[in-house]
Amino acid sequence: MVNLIMHNLIFFVPAALAGLILCGEVPVASKVARGSLRVIGAICGALLALLILEAIPALL
């Protein structure tokens, strides 16, 4: 079960933004492919942030 605290949600925005930037900078010719890479990067960044936030209490 996901236990999200409001202060932890601040971590999602930079993680999603980092994923958006990293995947959005892949050189592709199509604007559709670039847009879909940005969306995939933002989703992966947010999922990684969720994974990190859920793993930290288990490690402590």
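Residues numbered from 1 in each chain as written. Predicted model: local features only at pLDDT ≥ 70, side-chain atom pairs only at ≥ 80, totals over all residues. Heavy atoms only, no water.

**Observations regarding the overall build of the protein**
Formally: By definition, any uninterrupted DSSP run of H or I lasting at least four residues is a helix, any uninterrupted run of E lasting at least two residues is a strand, and each is numbered from the N terminus. Burial classes: relative accessible area under 20% of the type maximum marks a residue as buried, over 50% as exposed, and values in between as partly exposed (1.4 Å probe, protein chains only). In what follows, residue pairs with any heavy atoms lying within 4.5 Å of each other are defined as contacts. With residues, only the protein chains shown are counted as cover, and all accessible areas are computed by Shrake-Rupley using a 1.4 Å probe.
Along its length, the protein carries 2 helices and 0 strands. Buried residues in the protein amount to 17% of all 60 residues. For the protein, restricting intrachain contacts to residue pairs at least 6 apart in sequence, the fraction spanning at least 24 positions comes to 61%. Split by element, the accessible area of the protein, about 4,700 Å² in all, is 78% carbon and sulfur.

**Some thoughts on helix H1 (residues 12-24)**
Going by this rule: A helix is expected to span 1.5 Å for every residue after the first. Within this analysis, the arc is defined by the directions that extend from the helix axis to the C-beta atoms.
With 13 residues, H1 extends 18 Å between its outermost C-alpha atoms, agreeing within 8% with the 18 Å of an ideal straight helix rising 1.5 Å per residue. What H1 keeps buried is the set Phe12, Ala15, Ala16, Gly19 and Gly24. For H1, the angular spread of the buried residues around the axis is 150°, confining them to a single face. Structural note: H1 exposes Val13 and Leu22 on the side pointing more than 90 degrees away from its buried face. Of the surrounding secondary structure, the elements contacted by the buried residues of H1 are helix H2 (31-59).

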